[in-house]
Amino acid sequence: MSLPVARPDPRESRPRPRRLRQHTNPLAFQGAREPPDWHAVMGGPPEELEIGFGLGELLLARAAMRPSARILGIDVRWAYVERCREALARLDRPLPHLHFLHAEGTLCLREWLAPASLRHVVVYFPDPWFKKRHHKRRIINATTRGLLVRVLRPGGLLHVATDQQMLAAEIMELLTATDGLRNEMGPGRYAPHAVLGARSGREADHAARGHRIWRLLFRRTGSPA
Ligand SMILES: C[S@@+](CC[C@H](N)C(=O)[O-])C[C@H]1O[C@@H](n2cnc3c(N)ncnc32)[C@H](O)[C@@H]1O
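So, a few notes on the structure that sits alongside this text. (Residues numbered from 1 in each chain as written. Predicted model: local features only at pLDDT ≥ 70, side-chain atom pairs only at ≥ 80, totals over all residues.)

## A word on the site of the ligand
Filter applied, for reference: Any residue whose C-beta atom, as set from the backbone, lies within 6 Å of a molecule or strand is reported as near that molecule or strand. The helix count covers DSSP runs of H or I at least four residues long, the strand count covers runs of E at least two residues long, and both are numbered beginning at the N terminus. Put simply, Ala, Val, Leu, Ile, Met, Phe, Trp, Tyr, Cys and Pro go in the nonpolar bin, Asp, Glu, Lys and Arg in the charged bin, and everything else, Gly too, in the polar bin.
Around the ligand sit 23 residues in total, of which Pro26, Gly52, Gly54, Gly105 and Ser200 are the nearest. Of all elements in the fold, only β2 (71-75), α4 (105-112) and α7 (201-208) reach the threshold of two or more residues within the shell around the ligand. Its residues assigned to classes, the shell around the ligand comprises 10 nonpolar, seven polar and six charged.

## Notes on the pairing of β2
Short version of the rule: Here the C-beta atoms are placed from the backbone, and a residue counts as buried if at least 20 other C-beta atoms lie within 10 Å of its own, exposed if 12 or fewer do, and partly exposed otherwise. The definition of a right-handed crossover adopted here requires that, viewed with the strands pointing away, the path from the first strand over the helix to the second runs clockwise. When DSSP finds two or more bridges between a pair of strands, those strands are recorded as paired.
Most of β2 sits inside the fold, with five of its five residues counted as buried. Alternating residues of β2 divide into Ile71, Gly73 and Asp75 and Leu72 and Ile74, and every residue in both groups is buried. In this fold, strand β1 (residues 48-51) hands off to helix α2 (residues 57-65), which returns the chain to β2; that crossover is right-handed. Direction of pairing for β2 relative to strand β3 (residues 98-102): parallel, over a ladder of five bridges. Residue Ile74 lies in a different strand from β3, and its bridge partner there is Leu101. Following the chain from β2 across helix α3 (residues 78-90) to the adjacent parallel β3, one finds a crossover that is right-handed.

## A few points about the nonpolar core
Counted only if it meets this: Residues enter a nonpolar core if they are buried, belong to Ala, Val, Leu, Ile, Met, Phe, Trp, Tyr or Cys, and are joined to the set through C-beta atoms within 7 Å. By definition, residues are in contact whenever their C-beta atoms, placed on the basis of the backbone, come within 7 Å of each other.
Counting residues in each nonpolar core, the largest one holds 49 residues, and the members touching the most others are Val121, Val123 and Leu158. Val123 has contacts with Ile51, Gly52, Ile139, Ile140 and Val160, leaving out every residue within four places of it along the chain.

Here is the structure:
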C-alpha cells in the first residue's frame, strides 16, 4: 500500500515557527472550513479521532498497532500538523490509514464527521484555559459534549486525560450530566490506567516525572446498530 497524498496546502511553504505560543485560541482558527475527501486522504471516513494530537506520538503508535482502523488526528496548530506529516512520511512502514489534519475540533465534530461514526474519541491533555472567560475555548465544553455524543457510535468510547485535577473534576461533572454518555468506571470515578496501549507525548512526560494523571472513560449509550 502506498501513502495517500494529502491535498496540496498553500501553507506548506510557510517558514517554521522558531517558538510556539503556549496555547492557540481555537476560536480564532483560520484554517480549513471544508472537510477533505476522506477516501483520498485515508481510505474512507475516520473511525477513531484524537482532538489536539500535539506531536502525534499517541496516534503514530496506535496506528501501527491497529492497521485496520482509520485514524484521524486534528490539531489547530499548523506546525504540529507539518511535523507529524513529516514523521509519517519518514516511517519505513507506511500508515495509510492514519491522517493528520489541520482542523478545529468543534467544527469537525459538528459538520465534518458523520453521526455515530466513531469508535473512539481521544482528548489527551486538553489546553486547560483556566480563566472563566476563556472556558468556551476548552475543547470539552457545554457545546462540544453534545457533539461528541453525536459522532460516537453506541458503545463507542471517549477517553480524556489531564494532569489538572480541577479541570478533570469539571470535565467529570460536565460529562456525567450529558445524555448519551455513561462513565465506564462508575459514577464520579476516574479510570485507574490508560487503556489505549500507547502514550501521548504529554502523558509520557508526566509519567516520567511521577505526576498524577486523571483519566476519564465514558461510553456512548444505546445499542450498536
Ligand atoms: C496540551 S496539547 C496536548 C497534545 C497531545 N494530546 C499530548 O497529550 O501530548 C493540546 C493540543 O490541543 C490542540 N488544540 C486545542 N484546542 C483545539 C481545538 N479546538 N481543535 C483542535 N486542536 C486543538 C493544541 O493545538 C495542542 O496541540
